[in-house]
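Okay, here's what each chain looks like letter by letter:
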Amino acid sequence: MAKLKEFNTTELPTWCPGCGNYSIIASVKKTLSELNLEPQNTVLVSGVGCFAKLPYWIKTNGFVGLHGRSLPVAQGVKLANPKLTVLAFGGDGDGYGEGGNHFLHACRRNVDITYIVHNNSVFGLTTGQYSPTSEKGRKSKSSLLGSTEQPINPLAIAIASGATFVARAYAGHTKETVEILKKAINHKGFAFVDIIQPCPSYVPEHNQKYFKDKIDYLDETHNSGDKIKSMENALKGGFEEKSVCGIIYQEK
Ligand code: SF4
Ligand code: MG
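Here's what I pulled together on the structure shown here. (Residues numbered from 1 in each chain as written. Chains lettered and ligands numbered in written order. Predicted model: local features only at pLDDT ≥ 70, side-chain atom pairs only at ≥ 80, totals over all residues. Heavy atoms only, no water.)

## Section: the coordination of the magnesium ion (ligand 2)
Metal coordination angles in their ideal form are 109.5 degrees for the four-donor tetrahedron and 90 or 180 degrees for the six-donor octahedron. Test applied: For Na, K and Ca the donor cutoff is 3.2 Å, while for all other metals N, O and S atoms must lie within 2.8 Å; water is not among the atoms, so some sites may look incomplete. The classification of residues rests on relative accessible area computed with a 1.4 Å probe and restricted to protein chains. Under 20% of the type maximum is buried, over 50% is exposed, and intermediate values are partly exposed.
Taken together, D92 (OD), N120 (OD1) and V122 (O) make up the protein donors of the magnesium ion (ligand 2), found 2.1 to 2.3 Å from the metal. In the primary sequence, the donor residues of the magnesium ion (ligand 2) line up as D-x27-N-x1-V. Its relative accessible area of 4% is what places V122 among the buried residues.

## Here we look at the site of ligand 1
We count it as follows: Summary of the distance rule: residues count as near a molecule or strand when at least one heavy atom falls within 4 Å of that molecule or strand. Asp, Glu, Lys and Arg are counted as charged, while Ala, Val, Leu, Ile, Met, Phe, Trp, Tyr, Cys and Pro are counted as nonpolar; the rest, among them Gly, fall into the polar class.
Taken together, W15, C16, C19, C50, N120, G124, C199, P200, S201 and Y202 form the complete shell of residues around ligand 1. Looking at side-chain class alone, the shell around ligand 1 contains seven nonpolar, three polar and no charged residues.

## Focus: the pattern of salt bridges
Rules: Criterion for a salt bridge: a side-chain nitrogen of Lys or Arg within 4 Å of a carboxyl oxygen of Asp or Glu. By the criteria applied, helices consist of DSSP H or I runs no shorter than four residues and strands consist of E runs no shorter than two, each listed in order from the N terminus.
The full count for this structure, using the stated rule, is eight salt bridges. With its nearest N and O atoms 3.5 Å apart, the salt bridge here joins K182 to E179. Of the two residues, K182 and E179 both sit in helix α6 (residues 174-186), three residues apart, roughly one turn of that helix. Classification of K182 as buried rests on a relative accessible area of 18%. The class of E179 is partly exposed, set by a relative accessible area of 38%. Connected through shared salt-bridge partners, K30, E34, E179 and K182 make up one network.

## Some remarks on the layout of surface pockets
Going by this rule: Residues are said to line a cavity or pocket when one of their atoms sits within 4 Å of a point; the points come from a 1 Å grid over protein atoms alone, cavities being sets where a 1.4 Å probe fits but cannot get out and pockets being open sets with protein on both sides within 12 Å along at least five of seven lines. Grid points are joined across faces, edges and corners, and a volume is the space filled by probe spheres set on the points.
Approximately 220 Å³ is the volume found for the largest pocket. Taken together, E176, E179, I180, K183, Y217, L218, D219, H222, S224, G246, I247 and Q250 make up the full set of residues lining the largest pocket. No other element matches the four residues that α6 contributes to the lining of the largest pocket. In the lining of the largest pocket, the residues fall into four nonpolar, four polar and four charged.

## A word on the nonpolar core
How we decide: By convention a nonpolar core is built from buried Ala, Val, Leu, Ile, Met, Phe, Trp, Tyr and Cys residues, the set being connected through side-chain atoms within 4.5 Å. Note on contacts: a residue pair qualifies if any of its non-hydrogen atoms lie within 4.5 Å across the two residues.
Among the nonpolar cores identified, the biggest contains 30 residues, and V28, L32, L54, I58, L87, F89 and V193 are the most heavily contacted of them. Contributions of two or more residues to this core are made by α1 (21-34), β3 (85-91), β7 (165-170), α6 and β8 (191-196). Setting aside chain neighbours within four positions, we find F89 in contact with V28, L44, V45, S46, G47, F51, L54, S70, D94, Y115, I116 and H118. Formed by 27 residues, the second largest nonpolar core is a distinct cluster that contains F103, C107, L155 and F192.

## A word on the packing of aromatic side chains
Geometry of an aromatic ring pair is reported as the spacing of the ring centres plus the angle between the planes. To keep things clear, this is the line we draw: When two rings of Phe, Tyr or Trp (its six-membered ring) have centres within 6.5 Å they constitute a pair, described as stacked for plane angles under 30 degrees, edge-to-face for angles over 60, and tilted for the intermediate range.
Considering all chains together, one arrives at 11 aromatic pairs under this definition. Each ring, one from Y56 and one from W57, has its centre 5.6 Å from the other, and the planes form 75 degrees; the classification is edge-to-face. Between the aromatic rings of Y96 and F103, the centroid separation amounts to 5.6 Å while the plane-to-plane angle is 50 degrees, which identifies the pairing as tilted. You'll find Y96 and F103 in the same group, each marked buried. Among the aromatic residues, ring-to-ring pairing joins Y96, F103, Y115, F190 and F192 into one connected group.

## Quick notes on the packing of α1 against α6
Quick reminder of the rule: Every angle, taken between N-to-C directions, lies between 0 and 180 degrees, and every axis is a line fitted to C-alpha atoms, over only the stretch in contact when it is a helix. Any angle that is under 35 degrees is reported as roughly parallel, and any over 145 degrees as roughly antiparallel; angles of 65 to 115 degrees are reported as roughly perpendicular and all others as oblique. Helix crossings get a hand from a simple test, with the near helix turned counterclockwise from the far one by less than a right angle marking a left-handed crossing and a clockwise turn marking a right-handed one.
Two elements in contact, α1 and α6, have axes separated by 9 Å at closest approach and are oriented at 50 degrees. Judged by the angle between their axes, α1 and α6 are oblique. In this structure, α1 meets α6 at a crossing whose hand is right-handed. Judged by residue contacts, S23, S27, V28, K30, T31, L32 and E34 of α1 engage T174, T177, V178, L181, K182 and I185 from α6. Of the residues contributing to the contact of α1 with α6, the split by class is five nonpolar, five polar and three charged.

Here it is in structure tokens:
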């Protein structure tokens, strides 16, 4: 078994204090270790954004590519060597904006990779423009009077596009996030996990108190194999209302 420390790098992350990326990287490392994955047989692929630096700081194979383009690279890696465990990372701006087209087609193509999206509802790296998951009315550098657009619902899009594993986690709950990530990596096919994360620098109103009221988990009665019920739960998710976490849909 690869010990947790085997995934550590000598350099330390440089995200802002309080950034949700710290919890997400801790959860990813714990997941890789608990699944006994070997660093040399694991590949992490990212695009552009604050989140995209994650492969710098986990000692595995890594590839940092173009904005919104982690999915085509990750699928290519997996097809070239199916023995590798491949994780692709995206951001809500990167993955749902620039990479939205790749997301739709990865869902229906069902290549056996895991796609993790750091969803903080803002373009953090470029200093705070509203993103595809920002709530209507969000004031930002690029929406001075408030965004007039409806946010997209990535979970509902994924189910409708044919994804065979769709889940949501919250960065602040590492224990639950690790359990969700383990199931996603073990799923045979395209597994998508949207992780709600705070960005204290550009969305300070999304603080601990905000998420305490917002995050909700599916109970045991939820049948994740029932596509219609799963879609109902997916449609509840977002920054505008309760964000439902857990395995929303898994094709049985
Ligand atoms: Fe994290 Fe936001 Fe800082 Fe980026 S800008 S490192 S997302 S807190
Ligand atoms: Mg973002």
